[in-house]
Amino acid sequence: MSTQITARAVTKAYDGRIVLDAVTCSPPTGERTGIIGENGSGKTTLLRLFAGLERPDEGSVVVTADGGVGYLAQDAVLPAHLNVQQAIDEALSELRSIEAAMRTLESQMADGDESGLDEYGRLMTVFELRGGYDADARVDSALHGLGLHELSRDRRLGGLSRGEQVRLHLAAVLAAGPEVLLLDEPTNHLDDGALGWLEDHLRERRGTTVAVSHDRVFLERVTTTLIEVDADTHGVTRYGNGYAGYLADKEAARQRWAQAHEQWRAEADRLRVAAATTARQVAPGRPMADRNKMAYDRAGGRVQQSVASRVRNAEERLRRHLAEPVARPPRRLSFTPSLLSGDLHGVVLDAVKVSVADRLATTSLALEAGDRMLITGPNGAGKSTLLDVLAGTVEPDTGQVRRRGRIGYLPQELSVGDPEEPVIAAFARGREGTLAQHAERLMSVGLFTRGYLTLPVGTLSTGQRQRLALARLVCDPVDVLLLDEPTNHLSLTLVEELESALEDYHGALVVVSHDRRLRQRWRGPSLVLTATAPQDTASAGTGGGH
């Protein structure tokens, strides 16, 4: 049986805002494809188009999968009145129906009626393709692997935590064994053990898997192909060889861009020299023959006309070349310590027994100049509240905070402010200088093109708003950086750049993050906060609603 998933010239818009523009792509059959891109770029929309839950405004989507399509939504809510066993039975209902039809045909054939032989062969092929004989074993395996093996089968879904509901839904979709598996952020709400099980399961399963994910470890371990959705162009690009191949191709493209800029610049310099020197390239002089001044003057005029023509041609070539510039690649992202950083010594941030009622248990933290701290813990432990307290945006109920030097803060929840405010005005707010100077500054960071400068911030996607907040942060020198989930919402290439920038930053640094790759690479001490109230501990892994 053949599998095919193809989008042809698909355009999709919401409320007049284009999300996908004339997109054509096809995840390879039998492979594991990751869909990546910053938040708001259209990843979920593309997956829902594949699942048949959305229809394109233009173009077409063709999905052929005789073995069925399974879909895991990121924000799915299970019916509260059902119990765990009923949710599993509903997920396996297609397999149960196929099996029941096979049993009916077997009975008919046993009575000598072979009219349903072809249909029986088709049903058996589908049943075996979906692993129908192993469905119950897959249920047990998935529940155990995802940390739900102790969950009572008669437990009502309405009484489950959000993390338990998500994991149960994932287990049911996997157990159904569809030929095509479409997953939207499947790593959310999973702890490290469940993540490892899921990654192993997806690597071993047959069929075609397409997963929207921001989790770099998941992408590296599972995917063979990546499709990147660009939030700015609303197009897609396909990359082979998994996450490592994606990074290699991105770096190679940057190198080609840099080389093309250097070649353009060198050609511009050559044409400038040619235009400047052509006027001085006069034909070799010769003496006047037979004192024939008129003929001599006519020849001299022809020489001057020729020289003038060559000058005009050289200047025109230069004009055409300059009219099609190849911009220099934007500089890589970097944070700039304050000019005072080299003179700062000792403690720059000191929180003594700070607490916030129902949000943050009593906590102390001290950082010296150049120190770094990673803060982790389950959802509800108060990680974001602690950063708010350190930044001075929330007053603690107890304790006190002493700060030295300039503090830069990137909160997890970004405030839009005036949605009609242009991007350049939002970037420039509170800064000295002209709008032209601010525009050049913003352009130098490489996070936006000039076409975005006049757009209202209310029209930006979540990822683009994160870029704007990041641009404001990197353009000001700071002594202490406080970053709350800084890798959220960004494209993966920008996440990689951000990590490199943090490695090179020499000021004091405090980071709250659930990002597995960032935590794996972290060099320095960590502070683990504990929940202030009972939590679904499995929800504290790499989840977090990316």
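This section reports on the structure supplied with the text. Only a predicted model underlies this, so the values are computations on that prediction, with no experimental measurement involved.

**Concerning the overall build of the chain**
Then, in step 1: Of the regular secondary structure elements, the chain holds 16 helices and 17 strands.
Then, in step 2: Computed over the C-alpha atoms, the radius of gyration of the chain is 31 Å, more than 25% above the 24 Å expected from 2.2 N^0.38 for a compact globule of 546 residues.
Then, in step 3: In terms of its C-alpha atoms, the chain occupies a principal-axis envelope of roughly 125 × 75 × 40 Å.
Then, in step 4: Counting every atom, the chain has about 26,400 Å² of accessible surface; 50% of that belongs to carbon and sulfur.
Then, in step 5: Within the chain, the 74 negative side-chain charges are centred at a point lying 11 Å from the centre of the 63 positive side-chain charges.

**Looking at the pattern of salt bridges**
Then, in step 1: Tallying each qualifying case throughout the model produces 35 salt bridges.
Then, in step 2: Between K250 and E228 there is a salt bridge, and its shortest N-O distance comes to 2.9 Å. With K250 in helix α9 (residues 242-278) and E228 in strand β8 (residues 225-229), this residue pair connects regions lying 22 residues apart in the sequence.
Then, in step 3: Residues R265 and D269 are paired through a salt bridge, measuring 3.5 Å at the closest nitrogen-oxygen approach. Of the two residues, R265 and D269 are both situated in helix α9; the distance of four residues between them amounts to about one turn of the helix.
Then, in step 4: Here D269 falls in the partly exposed class, since its relative accessible area comes to 33%.
Then, in step 5: Among the charged side chains, a network of salt bridges with common partners joins E199, D200, D215, R221 and R516.

**Considerations on helix α15 (residues 492-504)**
Then, in step 1: Spanning 13 residues, α15 covers 19 Å between terminal C-alpha atoms, matching the ideal 18 Å at 1.5 Å per step.
Then, in step 2: Those residues of α15 that fall on the buried side of the exposure criterion are L492, L494, V495, E496, L498, E499, A501 and L502.

**Some thoughts on unusual backbone geometry**
Then, in step 1: In this model, A22 sits at a positive phi of 50°, which is unusual for a non-glycine residue.
Then, in step 2: Summarising the element assignment, A22 is placed in strand β2 (residues 17-25).

**Details of the sheet that holds strand β7 (residues 208-212)**
Then, in step 1: Taken together, six strands build an open sheet; the order of strands is β5-β6-β7-β3-β8-β9 and the sheet is mixed. Every interior strand has two partners, whereas the edge strands, β5 (69-72) and β9 (236-240), have only one. Averaged over all pairs of adjacent strands, the angle between strand axes in this sheet comes to 15°, irrespective of strand direction.
Then, in step 2: In this structure, β5 lies alongside strand β6 (residues 180-184), joined through four bridges in parallel fashion. In the strand pairing of β6, Y71 is matched with L182.

**Here we look at the side chain of T363**
Then, in step 1: Mapped onto the elements of the fold, T363 is located in strand β11 (residues 360-368).
Then, in step 2: Residues in contact with T363, not counting those within four places in the same chain, are A351, V352, K353, V354, L386, L527 and L529.

Conventions used here
Residues numbered from 1 in each chain as written. Predicted model: local features only at pLDDT ≥ 70, side-chain atom pairs only at ≥ 80, totals over all residues. Heavy atoms only, no water. Helix = DSSP H or I, 4+ residues; strand = E, 2+ residues; numbered from the N terminus. Rg over C-alpha atoms; globule rule 2.2 N^0.38 Å. Areas by Shrake-Rupley, 256 points an atom, 1.4 Å probe, with all protein chains shown as cover. Lys, Arg positive; Asp, Glu negative; His and termini not counted. Charge placed at Lys NZ, Arg CZ, Asp CG, Glu CD. Salt bridge = Lys/Arg side-chain N within 4 Å of Asp/Glu carboxyl O. Buried < 20%, exposed > 50% of the residue type's maximum accessible area, 1.4 Å probe, protein only. Expected span 1.5 Å × (residues − 1). Pairing = 2+ DSSP bridges. Axes fitted to C-alpha atoms, helices over the stretch in contact; angles between N-to-C directions. Contact = heavy atoms within 4.5 Å.

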